[in-house]
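As a plain string of letters, each chain reads:
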Amino acid sequence: MSYQHIRVERDGAVGLIVLDRPQALNALNSALLEELNRALDAFEHDREIGCVLLSGSDKAFAAGADIREMVGLHFPDSYLEEFFAGVDRVAARRKPVIAAVAGYALGGGFELALACDFIIAADNARFALPEITLGVLPGGGGTQRLARLVGRAKAMEMTLTGRQFDAAEAERCGVVARVVPLAELQATALDTARQIAARSRTAVLMIKECIQRCDESSLAEGLRFERRLFHAAFATADQKEGMGAFLEKRPAQFQR
Ligand code: HXC
């Protein structure tokens, strides 16, 4: 498959997607989002792939939705075409998707990172939802996902002012899983993705499905769902292998 705005590679069981529109600081236009979802579709259906790593450049993960594309957009077209719904498709993936964020993650770029399962950030990362400064509001899930991560007060302040905040603040308020020096970002993120990809695929997908439920169900329903999947895990060969390997003091070899 050929791509114009992204680069797609693989490293063993890890699928690598790199946003690649340097002339626009990886601003997300419709074509890029379409390519991104096409690449994610391919990895989703590829039995060899256990985890996906999404990254940008050292200067920008993505500086937002493409303002040049949006400036002339009118309501009927945006509504009829479900403009920017591509981010929801990223969030709905079953395999884990890690965002490795360096530099700017602004507006739709930040929202894309929030649609991934977790963010590993470089120490030069800058986050913001600056849509308010452009006369609009976040449309890629920003108000919902940010509020769930950082709470109402901080989400209100961040989205109503549009201010940028750095990686340290992002880590403090739960936006990112961890922060590493820029020079170590790719290696750390890849190592994390490799670890996940080497685990039981079934268990990995079950965990992701359980955590995705947090936002959609009551605690009681979520606990019941988790318990059912936990019981179901005992029907897998990976459970026998994982626990057997521990008792035999050897590394587990999970099924592919
Ligand atoms: C289109 C963009 C862009 C964007 C940068 N560029 N961000 N093009 N859409 N979101 C382009 C610039 O026009 C410029 O192109 C080139 O990238 C380099 O950008 P500079 O501004 O020259 O770089 P710099 O001075 O280093 O400033 C970096 C920056 C700034 C602080 C990130 O570019 C910036 O503020 N960008 C906009 C950030 C933003 O408002 N994002 C939110 C968008 S709204 P030329 O051709 O001039 O060299 C959004 C809504 C999502 O995301 C809601 C869902 C639909």
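Below: a short report on this structure. Small disclaimer: the values here were computed from a predicted structure and weren't measured.

What follows concerns the environment of Leu 114. Mapping Leu 114 onto the fold places it in helix H5 (residues 108-115). Apart from residues lying up to four places away in sequence, Leu 114 is in contact with Ile 119, Arg 145, Leu 146, Leu 149 and Val 175.

Quick look at the side chain of Arg 93 now. Note that Arg 93 resides in the loop between helix H4 (86-91) and strand S5 (97-101). Reaching out from Arg 93, the side chain makes a polar contact with the side chain of Asp 41 at a distance of 2.7 Å. A polar atom in the side chain of Arg 93 sits 3.2 Å from the backbone oxygen of Arg 89.

Now for helix H6 (residues 142-150). For H6, the full list of buried residues reads Gly 142, Leu 146 and Val 150. An end-on view of H6 places all buried positions within 20 degrees of arc, on one side of the element. Residue Gly 151 follows H6 closely and has a positive phi angle near 90 degrees.

Attention now goes to the nonpolar core. In terms of nonpolar packing, the biggest core is built from 45 residues, with Phe 61, Ile 119, Phe 127 and Val 175 touching the most fellow members. Counting residues per element, this core draws most heavily on helix H1 (residues 30-44), which supplies six residues. Grouped together as the second largest cluster of nonpolar side chains are 18 residues, Leu 185, Ala 193, Ile 196 and Ala 197 included.

Bringing unusual backbone geometry into the picture now. Positive phi outside glycine occurs at Asn 26, with the angle close to 60 degrees. The topology assignment puts Asn 26 in the loop between strand S2 (14-19) and H1. You can call Asn 26 buried: its relative accessible area is 2%. Backbone geometry at Phe 84 places phi at a positive 75 degrees, although glycine is not the residue there. Structurally, Phe 84 can be placed in the loop between helix H3 (75-80) and H4.

Overall, mixed pairing links the six strands, which are arranged S1-S2-S3-S5-S7-S10 in an open sheet. Taken across any chain shown, the strands that pair with only one partner, and hence form the sheet edges, are strand S1 (6-11) and strand S10 (178-180). The mean inter-strand angle of the sheet, taken between neighbouring strand axes irrespective of direction, is 20 degrees. In this structure, strand S3 (residues 51-55) lies alongside S5, joined through four bridges in parallel fashion. Bridged to Val 52 within S5 is Val 97.

About the cut-offs
Counting of residues starts from 1 at the beginning of each chain's written sequence and follows it residue by residue. With pLDDT at 70 or above as the cut-off, local features in this predicted model cover only qualifying residues; side-chain atom pairs require 80 or more to be listed or tallied, and sums for whole chains, interfaces and linings still use all residues. Side-chain measures here rest on the full set of heavy atoms in the structure, leaving out hydrogens and waters. In this description a helix means any DSSP run of H or I spanning at least four residues, a strand means any run of E spanning at least two, and both kinds are numbered starting from the N terminus. Residue contacts are counted whenever heavy atoms from the two residues lie within 4.5 Å of one another. Think of a polar contact as two N or O atoms within 3.5 Å of one another; within protein, one of them needs to be a possible hydrogen donor and the other a possible acceptor, and neighboring residues in sequence only count if both atoms come from side chains. A simple rule labels every residue: compare its accessible area, found with a 1.4 Å probe on the protein chains alone, to the largest value its type can have, and call it buried under 20%, exposed over 50%, or partly exposed in between. The arc in question is the one spanned by the directions pointing from the helix axis to the C-beta atoms. Buried Ala, Val, Leu, Ile, Met, Phe, Trp, Tyr and Cys residues form a nonpolar core when they are joined through side-chain atoms within 4.5 Å. Two strands qualify as a pair provided that DSSP identifies no fewer than 2 bridges between them. Note on definitions: angles span 0 to 180 degrees between N-to-C directions of axes, and those axes are lines fitted to C-alpha atoms, for helices only across the stretch in contact.

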